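Summary of structural features
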Amino acid sequence: MAQNGKLATVFGGSGFVGRYIVRELARKGYRVRAAVRRPDLAGYLQPMGVVGQIHAVQANLRFADSVARAVEGAEIVVNAVGILSPAGAQSFEALHAKGAERVAKAAREAGAARLIHISAIGADKDSPSLYARTKAEGERATFAEFSSAYVLRPSLVFGPEDEFFNRFAAMARMSPFLPLVGGGATKFQPVFVGDVGQAAANAATGTGKPGTIYELGGPEVLSFRDLLKATLHYSDRRRMLLPLPFGMAKLMAVLSSPLPNSLRPLTLDQVRLLQSDNVVSEAAKKEGRTIAALGVESPASIDGIVPEYLERFKPKGQYAHYHP
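About the thresholds
Residues numbered from 1 in each chain as written. Predicted model: local features only at pLDDT ≥ 70, side-chain atom pairs only at ≥ 80, totals over all residues. Heavy atoms only, no water. Helix = DSSP H or I, 4+ residues; strand = E, 2+ residues; numbered from the N terminus. Rg over C-alpha atoms; globule rule 2.2 N^0.38 Å. Buried < 20%, exposed > 50% of the residue type's maximum accessible area, 1.4 Å probe, protein only. Core = buried A, V, L, I, M, F, W, Y, C linked by side-chain atoms within 4.5 Å. Contact = heavy atoms within 4.5 Å. Patch = residues over 30% accessible without salt bridge, like charges linked within 9 Å, V, L, I, M, F, W, Y side chains within 5 Å. Areas by Shrake-Rupley, 256 points an atom, 1.4 Å probe, with all protein chains shown as cover. Salt bridge = Lys/Arg side-chain N within 4 Å of Asp/Glu carboxyl O. Phe/Tyr/Trp six-rings, centres within 6.5 Å; stacked < 30°, edge-to-face > 60°. Axes fitted to C-alpha atoms, helices over the stretch in contact; angles between N-to-C directions. Parallel < 35°, antiparallel > 145°, perpendicular 65-115°, else oblique. Left-handed = near helix turned anticlockwise from the far one by under 90°. Nonpolar A, V, L, I, M, F, W, Y, C, P; charged D, E, K, R; others polar. Pairing = 2+ DSSP bridges. Expected span 1.5 Å × (residues − 1). Bend = angle between axes of the 7 residues up to and from the residue.

**So, the overall build of the protein**
The helix and strand tally for the protein stands at eleven helices and 13 strands. At 20 Å, the protein has a C-alpha radius of gyration in line with the 20 Å of a compact globule built from 324 residues. Considering only C-alpha atoms, the protein reaches an extent of 55 × 55 × 40 Å along its principal axes. The buried share of the protein, taken over its 324 residues, is 52%.

Here it is as structure tokens:
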């Protein structure tokens with residue numbers, strides 16, 4: 001794997017999306033600095049490149065000094081930091097909004113050539129969801145500090161480490177039903193995390209138009225009901241899909257709020273997100289602001305990826321269908 005000598009900094013490089021961006025940039029020959037809160041837990045990134053190509057450093061978007069140090073000498077800066085639910089000081093406002101502003105400002109002051117900011121479809125300053133509002137604020141702050149930034153808005157991202165299919169497959173192990181929030185009509189356009197990583201790395205190396213918002217979706221538009229049915233099919237489980245009106249789902253989310261996020265089916269903010277479809281807009285399609293414009297012509301479908309990593313949730317285990 002030839003190196004080009006250029007440096008790319010990826011904030012959140014050890015996260016679900018970030019690790020795939022790190023891998024793709026390494027494949028393109030960049031030296032990659034993964035800026036993460038716990039570099040001691042990011043050793044698994046190193047085999048994605050040759051010896052010495054990928055290095056984890058400590059950085060926290062809540063502290064401007066650590067952000068500035070992480071971008072020193074970088075030609076490419078990628079902000080892949082995002083959370084689905086707040087925990088302590090790691091709040092939506094601190095990371096999605098203020099953190100995005102700090103990264104963009106540091107990238108500009110360091111003289112970076114390109115900045116890639118990972119946002120989300122549904123980012124909207126008027127959304128009832130704090131997640132979506134702070135994502136929108138992060139986009140605004142990014143462009144204010146670095147006007148030529150690329151903003152990538154994926155729909156529901158799936159992959160081996162995802163928090164959607166894995167979470168509901170785990171729930172189906174124990175629960176006799178899965179919650180069909182809002183009747184299950186909300187639409188998604190699931191996009192494979194590897195395709196998001198490729199799109200981000202392509203943008204970082206010159207594909208696409210600077211100062212543009214791209215919306216990333218996979219080949220299929222599926223309802224929440226479709227996704228839960230697929231989860232049960234891939235994990236070989238039979239469970240009832242229990243229709244749950246939004247009002248009831250919000251009440252359950254409030255009542256379960258004392259539990260750790262890992263044990264909660266959905267947070268109140270996530271229920272609010274489910275009240276709006278999460279698909280690539282007609283405007284983005286018409287204007288060519290989709291994943292295809294970033295060089296991913298044939299994005300993967302859930303059928304081609306998800307069954308393999310949900311196999312471990314089957315009643316008889318991961319290797320039950322293998323015979324000597």
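**What to know about the nonpolar core**
Judged by nonpolar contacts, the single largest core of 71 residues is most densely connected at I21, L25, I116, L152, F165, F224 and I302. No other element matches the seven residues that helix α6 (residues 193–204) contributes to this core. Setting aside residues no more than four positions away along its own chain, I302 makes contact with F158, F165, P190, E220, L222, L227, A230, Y234 and P307. With 25 residues, the next largest nonpolar core counts A74, I83, Y131 and F146 among its residues.

**Some remarks on a nonpolar patch on the surface**
Side chains of M248, L251, M252 and L255 sit close together on the surface and give an oily, nonpolar patch of about 400 Å² of accessible area. Structurally, L251 can be placed in helix α8 (residues 246–255).

**Let's talk about the packing of aromatic side chains**
For the coordinates displayed, the defined rule picks out eight aromatic pairs. Consider the rings of F158 and F165, whose centres lie 6.4 Å apart with planes at 90°: the pair is edge-to-face. Since its relative accessible area comes to 0%, F158 is described here as buried. Between F188 and F224 the ring centres are 6.5 Å apart and the planes differ by 45°, which places this aromatic pair in the tilted class.

**Structural notes on the environment of H233**
Positionally, H233 belongs in helix α7 (residues 224–234). By relative accessible area, which is 61% here, H233 ends up exposed. Spatially, the C-alpha atoms of H233 and L268 are 27 Å apart, while their sequence positions differ by 35 residues.

**A closer look at the packing of helix α5 (residues 165–174) against α7**
Relative to each other, α5 and α7 sit at 60°, their axes nearing to 9 Å. Considered as vectors, α5 and α7 are oriented oblique to each other. Note that α5 runs across α7; the crossing there is right-handed. Residue-level inspection shows F165, F168, A169 and A172 of α5 in contact with α7, the latter providing F224, L227, L228, T231 and L232. By residue class, the composition of the contact of α5 with α7 is eight nonpolar, one polar and no charged.

**Considerations on the sheet that holds strand β1 (residues 7–11)**
Sheet strands pair via backbone hydrogen bonds, and the direction of the pair is either parallel or antiparallel. Here we have seven strands laid out as an open sheet, ordered β3-β2-β1-β4-β5-β6-β11, and parallel in their pairing. The sheet is open, and its two borders are formed by β3 (54–58) and β11 (213–216), each paired with just one other strand. If you compare each strand with its neighbour and ignore which way they point, the axes differ by 20° on average. With four bridges connecting them, strand β6 (residues 150–154) and β11 associate as parallel partners. The partner of V151 across the bridge, within β11, is I213. Packing against the sheet, helix α4 (residues 130–145) makes contact with β5 (114–118), β6 and β11, and its axis sits at approximately 170° to β5.

**Thoughts on helix α3 (residues 92–110)**
The terminal C-alpha atoms of α3 lie 26 Å apart, and with 19 residues this matches the ideal 27 Å at 1.5 Å per residue to within 8%. At G99, α3 shows its maximal bend, which comes to roughly 40°. Where the residues of α3 are buried, they touch β1, α2 (64–71), β4 (76–79), β5, α4 and α9 (268–273). Among the residues trailing α3, G111 stands out with phi positive, at a value near 80°.

That's the geometry; what it means functionally is another story.
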